[in-house]
Amino acid sequence: MTHRLLGLAAALALALGVGPASAQQKLKVGFIYVGPVGDHGWSYQHDQGRKAIERELGARVETTFVESVPEADSERAIEGLARTGHGLIFTTSFGFMEPTLRVARRYPNVKFEHATGIKRAANVATYAAKFHEGRYIIGQIAGKMTKTGIIGYVGAFPIPEVVAGINSYFLGAQSVNPNVKIKVVWVNSWYDPAKEADAAKALLDQGVDVLAQHTDSPAPLQQAEARGKLGFGQASDMERFAPKAQLTAIVDDWSGYYVQRAKAVLDGTWKSEDTWGGLASGMVKMAPYKNMPDDVKKLAEETEAAIKAGRLNPFKCPVFKQDGSEVECKGNGALSDEQVLGMNFYVKGIDDRLPQ
Amino acid sequence: MRLELTPRLDPSPLARVLAPIAAFMVAFVLAGGVVWLLGRSPLAALQVYVIGPLSDPWALQELVVKATPLALIALGLSYCFRANLWNIGAEGQYVMGAVLGGWLALATHGTDAGPWVWPAMLLLGVLGGALYGLLPAMLRVRFGVSEILVSLMLVYVAQLTLDYLVRGPWRDPKGFNFPQSVTFDPAATLPLLGAGRIHLGAVFAVLAVLATAFVLGRTLFGYRLRVTGEAPRAARFGGFDSGATTLAVFAISGGLAGLAGIVEVSGQIGQLQPTISPGYGFTAITVAFLGRLHPFGILAASLAVGLTFIGGESAQILLKLPLDLTTAFQGLLLLCVLCADALVSYRLRLVRRGGGS
Amino acid sequence: MTAFEAILLTIVTASTPLLIAAMGELVAERSGVLNLGVEGMMAMGAACGFAAAVTFDSTIIGIAVGVLAGTAMAGLFALAVLGLAANQVGSGLALTIFGLGLSGLIGAPFVGARRDPVSPLAIPGLTDLPGVGRLMFGQDAFVYFSLALTVAVALFLGRSRSGLTLRAIGENHASAHALGLPVLRTRLLALLFGGACAGLAGVYLSLIYTRFWSPGMTAGRGWIALALVVFAAWRPAYALIGAYLFGTATVLQLHAQAGQIGLPAQLLSAAPYVATILALVLLSLGRGRAIGAPGSLGQPFVPER
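Please read these numbers as outputs of a predicted model, since none were measured by experiment.

(A) The arrangement of the overall build of chain C in detail. The helix and strand inventory of chain C stands at twelve helices and zero strands. Overall, chain C shows an N-to-C arrangement of helices and strands of α-α-α-α-α-α-α-α-α-α-α-α. When contacts within chain C are restricted to residue pairs at least 6 apart in sequence, those whose partners lie at least 24 apart make up 78%. Accessible surface computed for chain C: about 10800 Å², of which carbon and sulfur atoms make up 70%.

(B) A look at the overall build of chain A. When helices and strands are tallied, chain A shows eleven helices and twelve strands. Across the 356 residues in chain A, those meeting the buried criterion constitute 63%.

(C) Looking closely at the pairing of strand E8 (residues 210-214) of chain A. Residue and element names in this part refer to chain A. Burial analysis of E8 places five of its five residues in the buried class, the great majority of the element. On E8, burial covers both faces: Val210, Ala212 and His214 on one face and Leu211 and Gln213 on the other are all buried. Across two bridges, the pairing between E8 and strand E9 (residues 230-235) is parallel. Of the residues in E9, the one forming a bridge with Leu211 is Gly231. The β-α-β motif built from E8, the intervening helix H8 (residues 219-226) and the parallel element E9 has right-handed crossover chirality.

(D) Looking closely at the sheet that holds E9 of chain A. All names here are of chain A. Taken together, six strands build an open sheet; the order of strands is E7-E6-E8-E9-E10-E12 and the sheet is mixed. At either end of the open sheet lies a strand with only one pairing partner, and these are strand E7 (181-186) and strand E12 (284-286). The sheet shows a mean angle of 15° between the axes of neighbouring strands, taken without regard to direction. Strand contacts of helix H5 (residues 131-145): strand E6 (150-155), E8, E9, strand E10 (246-252) and E12, with the helix running at about 175° to E10, the strand carrying the most contacts.

(E) The arrangement of the state of the cysteines in detail. Residues and elements named next belong to chain A. Evaluated as defined, the whole model comprises one disulfide over all chains. One disulfide bridge connects Cys317 with Cys329, the sulfur atoms lying 1.9 Å from each other. Linking Cys317 and Cys329, the disulfide has an S-S dihedral of approximately 95° and is accordingly described as right-handed. On the criterion of sequence distance, the pair formed by Cys317 in the loop between helix H10 (294-308) and helix H11 (337-341) and Cys329 in the loop between H10 and H11 is long-range, its members being twelve residues apart.

(F) Structural detail: the pattern of salt bridges. Here the structure, examined in full by the defined rule, presents 24 salt bridges over all chains. Asp56 of chain B is the partner of Arg83 of chain A in a salt bridge, and the nearest nitrogen-oxygen pair spans 2.9 Å. Of this pair, Arg83 of chain A sits in the loop between helix H3 (75-82) and strand E3 (86-91) while Asp56 of chain B is found in the loop between helix H2 (42-54) and helix H3 (57-82), placing the two residues in two different chains. Exposure remark for Arg83 of chain A: the relative accessible area of 31% places this residue in the partly exposed category. A relative accessible area of 17% places Asp56 of chain B in the buried class. A cluster of three or more residues bridged by salt bridges with shared partners is formed by Glu75, Glu79, Arg102 and Arg106 of chain A together with Glu62 and Arg197 of chain B.

(G) How the structure looks around the interface of chain B and chain C. Across the contact, 46 residues belong to chain B and 45 residues belong to chain C. Carbon and sulfur atoms supply 82% of the area buried between chain B and chain C, which totals about 3900 Å² over both sides. If you sort the residues of chain B by the area they bury against chain C, Leu5, Met153 and Leu335 of chain B come out on top, with a joint share of 15%. Along the contact surface separating chain B from chain C lie zero salt bridges. Along the contact surface separating chain B from chain C lie zero residue pairs in polar contact (both at pLDDT 80 or more). In terms of residue class, the side of chain B that touches chain C is made up of 34 nonpolar, seven polar and five charged.

(H) Looking closely at the packing of aromatic side chains. A complete count under the given rule lists 27 aromatic pairs over all chains for this structure. Considering the side-chain rings of Phe31 of chain A and Tyr33 of chain A, the 6.1 Å spacing of their centres and the 35° angle between planes classify their relative orientation as tilted. Neither Phe31 of chain A nor Tyr33 of chain A differs from the other in exposure class; each is buried. Consider the rings of Phe81 of chain B and Trp86 of chain B, whose centres lie 4.9 Å apart with planes at 40°: the pair is tilted. Both residues of the pair, Phe81 of chain B and Trp86 of chain B, count as buried. When the ring centre of Phe345 of chain A is taken as reference, the NZ or CZ atom of Lys321 of chain A above it lies at 5.2 Å.

(I) Here's a closer look at the interface of chain A and chain C. Contact with chain A, which involves 38 residues of that partner, is made by 35 residues of chain C. Here chain A packs against chain C, burying approximately 3100 Å² in sum over the two surfaces, 56% of which is carbon and sulfur. The interface formed by chain A and chain C includes zero salt bridges. Here chain A and chain C share four residue pairs in polar contact (both at pLDDT 80 or more) between them. For the side of chain A that touches chain C, the secondary structure elements donating two or more residues are helix H1 (2-16), E7, helix H7 (193-205) and H8 of chain A. With ten residues, H7 of chain A is the largest single contributor of residues to the side of chain A that touches chain C. Considering only residue class, the side of chain A that touches chain C consists of 19 nonpolar, seven polar and twelve charged.

(J) Looking closely at the nonpolar core. Residue and element names in this part refer to chain B. Grouped together as the largest cluster of nonpolar side chains are 229 residues, with contacts concentrated most on Ile73, Phe81 and Val249. Of the residues forming this core, the biggest block, 14 residues, is contributed by helix H13 (residues 323-345). In contact with Phe81, not counting residues within four places along its chain, are Trp86, Asn87, Ile285, Ala288, Phe289 and Leu293.

(K) Region of the structure containing a nonpolar patch on the surface. Residues and elements named next belong to chain B. A surface patch of nonpolar side chains, amounting to about 500 Å² of accessible area, comprises Leu193, Val203, Val206, Leu207, Leu210 and Phe296. With four residues, the top contributor of residues to the nonpolar patch is helix H7 (residues 201-218). Examined against the element boundaries, Leu207 turns out to sit in helix H7.

(L) Expanded view of the sheet that holds strand E11 (residues 274-277) of chain A. Taken in spatial order, the six strands line up as E2-E1-E3-E4-E5-E11 (chain A) in an open sheet, and their pairing is parallel. One side of each edge strand has no neighbouring strand; the edge strands of this open sheet are strand E2 (61-66) and E11 of chain A. Direction aside, the axes of adjacent strands within the sheet are offset by 20° on average. Looking at chain direction, strand E1 (residues 27-32) of chain A and E3 of chain A are connected through five bridges and run parallel. Residue Ile32 of chain A lies in a different strand from E3 of chain A, and its bridge partner there is Thr91 of chain A. Helix-sheet contacts for helix H12 (residues 295-319) of chain B involve E2 and E3 of chain A, and the interaxial angle to E2 of chain A is about 155°.

(M) The packing of H13 of chain B against helix H4 (residues 88-107) of chain C, seen in detail. As a packed pair, H13 of chain B and H4 of chain C sit with axes 7 Å apart at the nearest point and diverge in direction by 155°. Here H4 of chain C runs roughly antiparallel to H13 of chain B, going by the angle between their axes. Judged by the twist between their axes, the crossing of H13 of chain B over H4 of chain C is left-handed. Taking contact as the criterion, the partners of Asp324, Leu325, Thr327, Ala328, Gln330, Gly331, Leu332, Leu334, Leu335 and Leu338 of chain B in H13 of chain B are, on H4 of chain C, Gly90, Ser91, Leu93, Ala94, Ile97, Phe98, Leu100, Gly101, Leu102, Gly104 and Leu105 of chain C. Residues of the contact of H13 of chain B with H4 of chain C, tallied by class, amount to 13 nonpolar, seven polar and one charged.

(N) Structural detail: the pairing of E7 of chain A. Residues and elements named next belong to chain A. Across the six residues that make up E7, a large majority, five, are buried. The pairing of E6 with E7 spans six bridges and is classified as parallel. When the sheet's bridge partners are listed, Ile150 is paired in E7 with Lys181. Taken together, E6, helix H6 (residues 160-176) and E7 constitute a β-α-β crossover, and its handedness is right-handed.

(O) Quick look at unusual backbone geometry. In this structure, the amide linkage connecting Cys317 of chain A to the following residue, Pro318 of chain A, adopts the cis form with an omega of 0°. Topologically, Pro318 of chain A is positioned in the loop between H10 and H11. A positive phi angle is found at Asp57 of chain C, which is not glycine, with a value near 50°. With respect to the secondary-structure elements, Asp57 of chain C resides in the loop between helix H2 (38-56) and helix H3 (59-83). Of note, Ala85 of chain C is a non-glycine position whose phi angle comes to about 55°, a positive value. Tracing the chain through its elements places Ala85 of chain C in the loop between H3 and H4.

(P) Local environment of the confidence of the model for chain A. Looking at chain A as a whole, its pLDDT mean stands at 87, while 93% of the residues score no less than 70. Considering only residues more than four positions removed or in separate chains, one finds that residues 1-24 of chain A, a stretch of pLDDT under 50, has 18 contacts.

(Q) Representation of H13 of chain B in the model. With 23 residues, H13 of chain B extends 34 Å from end C-alpha to end C-alpha; this agrees with the ideal 33 Å at 1.5 Å per step. The buried count for H13 of chain B comes to 18 of 23 residues, which makes it a mostly enclosed element.

Criteria and cut-off values
- Residues numbered from 1 in each chain as written.
- Chains lettered and ligands numbered in written order.
- Predicted model: local features only at pLDDT ≥ 70, side-chain atom pairs only at ≥ 80, totals over all residues.
- Heavy atoms only, no water.
- Helix = DSSP H or I, 4+ residues; strand = E, 2+ residues; numbered from the N terminus.
- Contact = heavy atoms within 4.5 Å.
- Areas by Shrake-Rupley, 256 points an atom, 1.4 Å probe, with all protein chains shown as cover.
- Buried < 20%, exposed > 50% of the residue type's maximum accessible area, 1.4 Å probe, protein only.
- Pairing = 2+ DSSP bridges.
- Right-handed = clockwise from strand over helix to strand, strands pointing away.
- Axes fitted to C-alpha atoms, helices over the stretch in contact; angles between N-to-C directions.
- Disulfide = S-S within 2.5 Å.
- Salt bridge = Lys/Arg side-chain N within 4 Å of Asp/Glu carboxyl O.
- Buried area = accessible area lost by both parts, 1.4 Å probe.
- Polar contact = N/O pair within 3.5 Å; in protein donor to acceptor, adjacent residues only side chain to side chain.
- Nonpolar A, V, L, I, M, F, W, Y, C, P; charged D, E, K, R; others polar.
- Phe/Tyr/Trp six-rings, centres within 6.5 Å; stacked < 30°, edge-to-face > 60°.
- Lys NZ or Arg CZ within 6 Å of the ring centre and 35° of its normal.
- Core = buried A, V, L, I, M, F, W, Y, C linked by side-chain atoms within 4.5 Å.
- Patch = residues over 30% accessible without salt bridge, like charges linked within 9 Å, V, L, I, M, F, W, Y side chains within 5 Å.
- Parallel < 35°, antiparallel > 145°, perpendicular 65-115°, else oblique.
- Left-handed = near helix turned anticlockwise from the far one by under 90°.
- pLDDT = per-residue confidence, 0-100.
- Expected span 1.5 Å × (residues − 1).

Following this line, the structure appears as structure tokens:
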């Protein structure tokens, strides 16, 4: 234990060793995380992005993070970064939106980047990832791999991002297996490993044999492994938690975007804009396809390539709601970004009620 | 050898004042040890945690903002704790105050309702908290059910109620389905004091301190409260109805927690969200004990505990010390305060085995 | 394995940590000490146990260290409330806050590490029995231990001389002391037992239930264990029923969703808490005022000389 502690201390001291003397010329980049960096999921992946900035830009930058910041009390933490010389600040949860905008008004020279946000300002950019693209692929895999014909989904909260993910997953499964059924369980938490495990067990008990999740811990996937069933990793590659069960994982990769934005600030080319990156931009990546026959793997790879090339959109028109009515097609041959970002209905074939 | 306690007959008033300060210092020394174990300089940590924030006008302003809800809730808790009633559900009463008060903000949203809205919201907030606080009190008085557990269970129920409302009926229709209400109109927003972030809630906290000092020192109710706390049986012989006292202190405690909730929502957050408190209702218990249940003590304690939050964030930013250190320190601090309290009331002696009874 | 059996299995594993922690707290409370620090002791058990299991690559060592961590936390609590007669409610709360923070510091280097599953017990012949086979003879050792623990605690409190002493001390410490019973020593042992159980429940979460450690993973289960003790009116058998009812409620809530019953999820999530409050009220109705709370519960004891 002492050994570990000292090792940790040494690593931290090393990180601190980049002296504050040269801080004036450096760009200080700050991060606000909603969870602990050790959640294996959402905040962990953002922290990987922070490390990528340190790795790529080395001596030109210095990074800081504040973890487990409660959304309702985040304004002070954000301002704390802004007033300590941070030139670029990433606030990485939807709930940080209003506080970020308020602080941004008071610090017009600091650049802000708000993840999954919907409001921008001259010095506030927004960014998010099209995870639903990856979910279409895992849906197809699930549709192929299920023996019982029932696939499962552990959801955090019934917000548009998650609902769009479920729809995309189901549409993917349906495209290869028209009779497939889906069961959804909400745990009302982004992160509660034991409850996520219980939810996964409930689904497995009801005959589900391929499990997807939109919560942050590896617990549901582990349950699939323990029961000899299959599943998908979420946010990060969770293969080490379930080597036999993980078919693939939808990996959030913020590294490229974060490095690019930090560079833009250093070069003076930063602009406020909205970035919604998917598989093509590398913001969403698929972990290696494993534990499946070659034909399924080939299908998945082809779908991935088609989405990357823009030949396939999970929400291509026509899209039908549960009652059979057709959704107005506001995009170019598919639902528009706004429609996906505000999705509050299940597609036809999902035999469940969306909690309101 | 073993420890033996003997009650001090007349604990010195000076010791009573010095005890929390001594506890603070002991906790600092222990936390400093942990910081040292983590390979950082304890002195640098002290600078970042305490001296930095105290010598920075911005941090002082943030300190007042942070201390406001803590002081309001802890003052209310002091009524309960003085009566030996353990309300540990202030978090739920805080949420219910915010819910009832926030309801008015949403009901008047988009109308040209006048500046009467926010005062009415505050009243509803107090009412919501008080009614919710009365639930465990009534169950205790009527059925003898433990108020500790009922008030705690009701915290979860309150949080889930708010969660349901902001995800369902109260969701902002234009908010892309995200779980939050519309942002409050100016008429539903608590006025700010000056240009910074300090809002009218800070004034209420100070008023609540003065009112509590008056009630405890100058009224029959305050006297009764002290008697009930010190000797419940004597209070009964004295003709005091302990049932009525129970209801009263829970109503006051809930009302102040509810006020804190609505003040935070209308003064700070500006809308209803699934979570509107980083655990103020629980942290306030630390504040109440640290302030020795005395109104002015609580005022000082709310600032001291607020400082650990502000300092904890600076420590994350400047020293990259983990948040858990701040949490551990707060727990340690409370433990030290309670032990110091006990040492004021009792004399501690080491006795050889066989000595004593 | 049928769906019904599978659901029962899930309920059993969800209930086990609650039962173990509640059993420890029950003994402590029967001796007259209210320890609100269960959540903190559980968190420490989960973090320290996992850290040790990974470091030494041994589940057994992990379990032992987790139990020790819970016991050590209880020792700290005992120092405050027995040694110094400090306020029990406040000290317990402090213990929870402290434990949650310290466990985060200890666990941080072990984030991302994983352990292999501990294989459930398999008794040849019996485990494969249709119907009850898996349920009765295919659980992990903790499940059997928790049931044995319940029986042992029930026998100890109800039938043994030391159990009688412990209860007498919890009922009225002043008269127990006058009779020459060792009030402080008994309470110390009861508290340490409670800490060991909480630590074990915590280790169960990080080593068996999820098999990884993450900050705040106890997620309020310590508080539920506390509620269970009151719910059970301080009786081991009722605590067993309570733990399984609570486990059933949480699991069935998820099943109700998967089975597509159109109720708000929040209502279902709130059900166990409301049920606990109702049970408390009903218990008190059925038994008059005194619902079996030990007479001296929560009061500091300072021997008079």
